[in-house]
Structure formats: C-alpha cells, structure tokens
Amino acid sequence: MAAENLGVRATFAGSAALYREAFSPVAAVAAGFALPYAALDEALHRWRLSWLEASQLRGTLQLLLGVVASVTMARLFVLISRGERPRAPGALWYAIKRWPEALPVTLLTSLIVSIGLLLLVLPGLVAALNLSLAIPLLAATDLNANQVMRRSRALVFGKRRRLVLVLGLAFCATSGLGAGLQEAANLACRSLAEPTGRLLVWFCLELALGLLDAALLSVLVGGYRRVLSQET
C-alpha cells in the first residue's frame, strides 16, 4: 500500500467504512456499557463528591469495564477489516479473555504518557503516538502486554509524522464533542428533580460518548491496518 494511504483523507475514509459496517453491534455494545456508567453518573450527582473522588471512581470503572468495552469495539472493527462477520457476543467474550493483558497495557500507557506530559509536552505526545496502536493489537493478536507495547512502538516508528495529524484530529474531534455533550447533560440534570429523568439523560450521554469512543477506535484500527499493510 502506498505511503500516501496513511494520509488524513484515506485513513478517515477507511475508518468511516469500518464504522458504518460495524455500527449495529458497536451500538449494542455501547448501549450495554452505558448502563453502569449512567448509574455511576447519577450516584456522583447525588453524592456531591470532590473532583478527585469522582475521578477515582470513574477511573476504577474504566479499568473494570471501559477497557473491556474498548477492546470489544476494536475487535468488531478488526473483524470487519478482515472480511469477517462482526458479532457482539463473540467480540465481548474475546475482550473479557484479553482483559488480563489489556489492564497492564492501559495502566502502563497512562503512566508513561502522563510522565512524558509532566516533563515536557513533546515526550508525552511521542509516547502517546508510540502506544497508540496498543488497543488494535490487543484486539487483533494474542500478544502479551509487553509484546503489544513493543509491537506498537515498532509499527509507529518512522510513521509518526503521518499518524500524528490523523490521530490528533480524531482525538480532538471526539474529545471536543464529548466535552460539549457532558456539559449539556450536566446542565440538563441540574434542572431535573426526578432520578428517572436524570438516569435517561445520563444513559443518552454515555451512549453518545461510547459511540464517540468507537469512532476514535475505528480510526486507530484503520491506521493499524494501513501501517501493517506497509510492512507486508
């Protein structure tokens, strides 16, 4: 595959095709995982915890469930890219089996990127790029955590300049939309007295955030497949 196929237009076009083809099972996965997140949102709304306490609870749920959701959706995109039929139950079971490897990858990636950003912005961005293909690798291979991180760095090496714009645009777009949706949901729930109404708002929010995460994952998987094809 030609080098220009790592460009913005080609990668986004391929990722959009993956997203469209896998949308039904991806949406089902996003809806299923939105339920516990919506329950946590309502609990945090009632408890009035500090930002740090709320972040710790959300971080714990992310490690327990969010990692599984990410690998599940990435697996669906991987199956589509291979020409296979994407099935949510099979992808979920695959992700559950990969959780022991996905957990240390997620923790180490967060730690490495955080340290890099604390030292200087550039090292943090480089670290994020180096490990950006970890989730697609977890979803596509049986590599262990250490092998996944090494393989991600190896695949990205020499292609950072081509990947940084694609992944940067995808991350900024999904993060910006997610932040706007979060603020809108917070404003809506402040005016709702009934917990049922708030739960519905939280569920819709978490479903939308899940679909945005899936969009980012489709770009990561699309980029992974294109980078991989250049090595073969």
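What this report covers is the structure whose coordinates are included nearby. On a predicted model such as this, the values are computed, not experimentally measured, just so you know.

### Quick notes on the overall build of the protein
The number of helices and strands found in the protein is nine helices and zero strands. Secondary structure of the protein in N-to-C order comes out as α-α-α-α-α-α-α-α-α. A globule of 232 residues ought to have a C-alpha radius of gyration of about 17 Å, and the protein, at 18 Å, matches this closely. Relative to its 232 residues, the protein shows a buried fraction of 43%. Considering only intrachain contacts with a sequence separation of at least 6, the fraction spanning at least 24 residues in the protein is 75%. Entry remark: accessible area of the protein is about 12,100 Å², with carbon and sulfur atoms responsible for 66%. Of the charged side chains in the protein, 22 are positive and 13 negative; the average position of the first set lies 8 Å away from that of the second.

### Focus on the packing of helix α1 (residues 8–21) against helix α3 (residues 51–81)
With their axes 9 Å apart at the nearest point, α1 and α3 run at an angle of 105 degrees to one another. In this view, α1 runs roughly perpendicular relative to α3, as classed from their interaxial angle. Residues Leu18, Tyr19 and Glu21 of α1 form the contact with α3, whose participating residues are Phe77, Ile80 and Ser81. By residue class, the composition of the contact of α1 with α3 is four nonpolar, one polar and one charged.

### Thoughts on the packing of aromatic side chains
In total, this model carries two aromatic pairs according to the counting rule given. Consider the rings of Tyr19 and Phe23, whose centres lie 5.8 Å apart with planes at 55 degrees: the pair is tilted. Overall, the relative accessible area of 35% leaves Phe23 in the partly exposed class. Seen from their ring centres, Tyr19 and Phe77 are 6.3 Å apart, and the 25 degrees between their planes marks the pair as stacked. On the criterion of sequence distance, the pair formed by Tyr19 in helix α1 and Phe77 in helix α3 is long-range, its members being 58 residues apart. What links up through ring pairs into an aromatic cluster is the set Tyr19, Phe23 and Phe77. Above the face of the Tyr94 ring, Arg75 is positioned so that its terminal group lies 3.9 Å from the ring centre.

### Some details on the side chain of Ser218
Mapped onto the elements, Ser218 comes out in helix α9 (residues 195–231). Overall, Ser218 belongs to the buried group, its relative accessible area being 3%. Of the polar contacts made by the side chain of Ser218, one reaches the backbone oxygen of Ala215; its length is 2.6 Å.

### Considering the pattern of salt bridges
Inspection of every chain in the model, using the stated rule, returns four salt bridges. Of the charged contacts in the structure, one is a salt bridge between Glu42 and Arg198, with a shortest N-O distance of 2.6 Å. Separated by 156 residues along the polypeptide, Glu42 in helix α2 (residues 23–47) and Arg198 in helix α9 bring together distant segments of the chain. Its relative accessible area of 5% is what places Glu42 among the buried residues. Under the relative-accessibility criterion, Arg198 is labelled buried at 7%. Its salt-bridge partner being Arg58, residue Glu206 comes within 3.5 Å of it at the nearest N-O pair. Of this pair, Glu206 sits in helix α9 while Arg58 sits in helix α3, and the two are 148 residues apart along the sequence.

What counts and how
- Residues numbered from 1 in each chain as written.
- Predicted model: local features only at pLDDT ≥ 70, side-chain atom pairs only at ≥ 80, totals over all residues.
- Heavy atoms only, no water.
- Helix = DSSP H or I, 4+ residues; strand = E, 2+ residues; numbered from the N terminus.
- Rg over C-alpha atoms; globule rule 2.2 N^0.38 Å.
- Buried < 20%, exposed > 50% of the residue type's maximum accessible area, 1.4 Å probe, protein only.
- Contact = heavy atoms within 4.5 Å.
- Areas by Shrake-Rupley, 256 points an atom, 1.4 Å probe, with all protein chains shown as cover.
- Lys, Arg positive; Asp, Glu negative; His and termini not counted.
- Charge placed at Lys NZ, Arg CZ, Asp CG, Glu CD.
- Axes fitted to C-alpha atoms, helices over the stretch in contact; angles between N-to-C directions.
- Parallel < 35°, antiparallel > 145°, perpendicular 65-115°, else oblique.
- Nonpolar A, V, L, I, M, F, W, Y, C, P; charged D, E, K, R; others polar.
- Phe/Tyr/Trp six-rings, centres within 6.5 Å; stacked < 30°, edge-to-face > 60°.
- Lys NZ or Arg CZ within 6 Å of the ring centre and 35° of its normal.
- Polar contact = N/O pair within 3.5 Å; in protein donor to acceptor, adjacent residues only side chain to side chain.
- Salt bridge = Lys/Arg side-chain N within 4 Å of Asp/Glu carboxyl O.

Any functional reading would require information beyond the geometric quantities listed.
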